[in-house]
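Coordinate analysis (summary)
So you can see what is in the structure, the chains are spelled out below.
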Amino acid sequence: VLRALGIPTRVITNFNSAHDRNINLSIDKYIDASGKTLDLTEDSVWNFHVWNECWFTRRDLGSFYDGWQVLDATPQERSKGSIYQCGPASTRAIKEGDVNLDYDSSFVFAAVNADYVTWIHHSKKRKERIYSDTRRIGKFISTKAVGTNSRVDVTASYKYPEVKEISFNISYAQYKDSLKEDRKILVTAL
């Protein structure tokens, strides 16, 4: 319909797409002390999810948010508690983490960039965070190339590259002067 109206539109596929039911920007998994998964959350990760992007000027949000906007024709949640809709959420807002804007930017942000957090549930009042995976959600965000059946990776439109972990070895003699009273090491990256 949007293309028929002359609005540039494309289909987007997000692999490892998060469905963050409580909008806390993480997908929470709860286990007991023996490692058995507990059914304490409605969060989930889908193999993939598909939505549309349309090219709009955003007078309501400002020119910074002009460009591709997410519209999901199959919304799973109510938007602002009223009707089932998703978007238009600016991909620029999603990439920049502007999750307090209207039109479901927090929901789409979580779909592509939520942390996958594992908790040990000890009791109703006590849980312990044991693992957080910041790279699992939002993989190979793609659209179809114009004029061919090739895939175009648009992940960089939705999120910054994941930070790579580096490991290094230093001797005590190299850091002993940087020890603080609480025994934490000050590390300066150049």
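It should be noted that the structure appears before, not after, this text.
The sections below set out a description of the structure shown in this document.

Rules used in this analysis
Residues numbered from 1 in each chain as written. Predicted model: local features only at pLDDT ≥ 70, side-chain atom pairs only at ≥ 80, totals over all residues. Heavy atoms only, no water. Helix = DSSP H or I, 4+ residues; strand = E, 2+ residues; numbered from the N terminus. Buried < 20%, exposed > 50% of the residue type's maximum accessible area, 1.4 Å probe, protein only. Contact = heavy atoms within 4.5 Å. Polar contact = N/O pair within 3.5 Å; in protein donor to acceptor, adjacent residues only side chain to side chain. Pairing = 2+ DSSP bridges. 1 Å grid on protein atoms, 1.4 Å probe; cavity = no way out; pocket = protein on both sides within 12 Å on 5 of 7 lines; lining within 4 Å. Points joined across faces, edges and corners; volume = space filled by probe spheres on them.

With that settled, consider the overall build of the protein. Helices and strands together make up the secondary structure of the protein, namely four helices and twelve strands. Burial status across the protein gives 33% buried among its 190 residues.

Note on placement: Thr-118 falls in strand 9 (residues 115–123). By relative accessible area, Thr-118 is classed as buried at 10%. Not counting residues within four places of it along the chain, the set of residues in contact with Thr-118 comprises Lys-29, Ile-31, Glu-128, Arg-129, Ile-130 and Tyr-131.

Along the chain, the position of His-121 falls in strand 9. The partly exposed category is assigned to His-121, whose relative accessible area is 24%. Taking the C-alpha atoms as reference points, His-121 and Gly-35, separated by 86 residues in sequence, lie 9.9 Å from one another. Here His-121 is in contact with Tyr-30, Ile-31, Asp-32, Leu-38, Leu-40, Arg-126 and Lys-127, once residues within four sequence places are set aside. Looking at His-121, its side chain comes within polar contact range of the main-chain oxygen of Ser-123, at 3.5 Å.

What follows covers the pairing of strand 2 (residues 26–31). Of all six residues making up strand 2, five are buried, and the element is well covered by its neighbours. Of the pairings in the sheet, the one linking strand 2 to strand 9 comprises six bridges and is parallel in character. Considered in strand 9, the bridge of Ser-26 is made with Asp-115. In this sheet, strand 3 (residues 37–38) lies alongside strand 2 in antiparallel orientation, the contact comprising two bridges. Within strand 3, the residue paired with Ile-31 across the bridge is Thr-37. The antiparallel hairpin formed by strand 2 and strand 3 contains five residues in its connecting segment, where Gly-35 sits at a positive phi of about 95 degrees.

What follows concerns empty space enclosed by the protein. Where empty space is left can be seen by rolling a probe of water-molecule size over the atoms. Enumeration according to the criterion identifies one cavity of 30 Å³ or more in this entry. Of the pockets and cavities examined, the largest cavity occupies roughly 110 Å³. Considering the residues around the largest cavity, the lining is formed by 13 residues, among which His-49, Trp-51, Asp-72, Phe-107 and Ala-111 are closest to the centre. Of all the secondary structure elements, the ones that give two or more residues to the lining of the largest cavity are strand 1 (9–19), strand 4 (44–56) and helix 2 (105–113).

Read these as layout, nothing more, since geometry by itself doesn't imply function.
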